[in-house]
Amino acid sequence: MDSKTTPARLIYLDLLRIIAIFAMMLLHVAAINWYVLPVTSLEWQVLNVYDSLVRFCVPVMFMISGALFLDPNRPVAFRKLFKTNLFRLLTAFVFWSFLYALAYHVWRYGTINVQALSSLIEATILGHYHLWFLVTLMGLYLIVPLLRKICESQAMMQYFLVLSFLFAFTLNFILVFFEDQTLIEALLTKLGLYVIMGYSSYFVLGSYLVRYELSHKMKHVIYALGITAMMVTISGTSWLSVNQNQPVSSLYNYLQLTTFLSSAAIFVLVKERSKHIQWSTQAQHYMSWLSKLSFGMYLSHDFVNILFREVLNFTSTSFHPILAVPVITILVFFISLVVSWILNKIPIINKFFV
C-alpha cells in the first residue's frame, strides 16, 4: 500500500456525504413502520431489505469527518477545534433539540404550560432521536488530538484498526448469536479496551482509506465482504426476528461487524469509481454545494418526516413499500434541501445552527 497526498478537496468525499445523507433519510423512512408491522409480512421484509442496505450511512459520515480531521496535511489547532468546531456542534444540538422538543410538546399538549415545562427541558437535554450523532461527534472531536498522534504512523493505524475489528466489531457479531453472553461481556469488561470499541474506529478508518491506496486484490476482498455483510444483515435480521416473532435490530447496530464491512466497501467503491469519472467544473460545484447543505438537511429532515407521518398520514405503507420508501425519501431529501438552503441564507443561523 502506498501513501497518497491528500488534495485540498476530494470530490468523492462530497459525493459520499450526499449518498450518506440520502441513505440516512431512507433508513428513517423505512424504520417508521419496521417496528410495528408483523415480521412475517412481505411489507416488513421489504423494509428490512431497505434498512439493511443503508446501515452504512452513519459510519460513512464518521469516516468522512475522520478523513478531514485526521489529515496530517491539515493542521488542527486546539483553539479552532474548541471555539469553532465543537461550539458549532453544541449550538446546533441545543437549537434543534429545543425545536423538536417544542414541536412535540405543542403537538401533544396543544400548548406549553408549567406542567410540561420540565418535560420540555428534559427532552431538549436528551435530544431528538437522530441528534445523538452530534453528541457522539463532539466526543470524537475531543479526542482528535490523540487520534492524530495514532494516525502519524501507518503501522499504528493498522494496529488500531485490527484491535477494533477483533474486540469491537467481531465480538459484537458473535454476541448476537449467543444466548449466554456473560462470559464474553466479562472478558471485555476485564480487558477494558474502550478506546478501540467505539466510533473512533470509523474516524481512523476514514483517514486510512483516504491516505493509502489499497491493492487491487484488497479492494475486491473488501467489496466481496461488503456484499456478504449486507446479505447477512438482511437474512440474519429476518431469521432472528421471525424466530423471536418480533423485530430484532441486533445486526443493524452501527458497531456491528456487518455494518463495519459494508461501510468500508461503500467508501472504497465510491472513491475508486470516482477516479474514472471526469467531473465537469459544474458537477463539482453542485456536489460541493449539496455537500455543504447536507448538515442542515440532516438537522431538519425529521420535521418533514413528522409532517408526512403525523399530519398527512403519508408513510412507507401508504402504498407498497417497494415504491413508497424511495418515493418518500426523495421528497424528504428535496424538501430538506430547500429548507437547508433557506436557513443557510439567514445570518447567525447559518453560522451557528446549520
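Residues numbered from 1 in each chain as written. Predicted model: local features only at pLDDT ≥ 70, side-chain atom pairs only at ≥ 80, totals over all residues. Heavy atoms only, no water.

Asks: Just to check I follow, could you spell out the pattern of salt bridges for this structure?
Replies: Pairing between side chains becomes possible if they bear opposite charge and their charged atoms approach one another. With the rule as written, the count across this model stands at 8 salt bridges. Across the salt bridge formed by K275 and E213, the nearest N and O atoms sit 2.8 Å from each other. With K275 in the loop between α12 (257-274) and α13 (281-311) and E213 in strand β2 (residues 212-213), the pair connects residues that are 62 residues apart, well separated along the chain. Relative accessible area serves as the criterion here: at 18%, E213 is assigned to the buried category. (Salt bridge = Lys/Arg side-chain N within 4 Å of Asp/Glu carboxyl O. Helix = DSSP H or I, 4+ residues; strand = E, 2+ residues; numbered from the N terminus. Buried < 20%, exposed > 50% of the residue type's maximum accessible area, 1.4 Å probe, protein only.)

Asks: What am I meant to see in the side chain of S274 here?
Replies: Considering the arrangement of structural elements, one finds S274 in helix α12. Dropping the residues within four chain positions of it, S274 is found in contact with Y12, L15 and W279. (Contact = heavy atoms within 4.5 Å.)

Asks: Hey, could you run me through the packing of aromatic side chains in this one?
Replies: Centre-to-centre distance and the angle between the planes together describe a pair of aromatic rings. All told, the structure shown has 31 aromatic pairs when counted by the stated rule. With 4.3 Å between their ring centres and 35 degrees between their planes, F169 and F260 make a pair best called tilted. On the criterion of sequence distance, the pair formed by F169 in helix α8 (residues 154-176) and F260 in helix α12 is long-range, its members being 91 residues apart. Judged by its relative accessible area of 0%, F169 falls in the buried class. Between F295 and Y298, the aromatic rings sit 6.3 Å apart at their centres with planes inclined by 25 degrees, giving stacked as the arrangement. Pair noted here: F295 and Y298 are both in helix α13, with a separation of 3 residues, about one helical turn. No difference in accessibility class separates F295 from Y298, as the two residues are buried. Among the aromatic residues, those joined into a cluster by ring pairs are F62, W132, F133, F165, F169, Y199, Y202, Y254, F260, F295 and Y298. (Phe/Tyr/Trp six-rings, centres within 6.5 Å; stacked < 30°, edge-to-face > 60°.)

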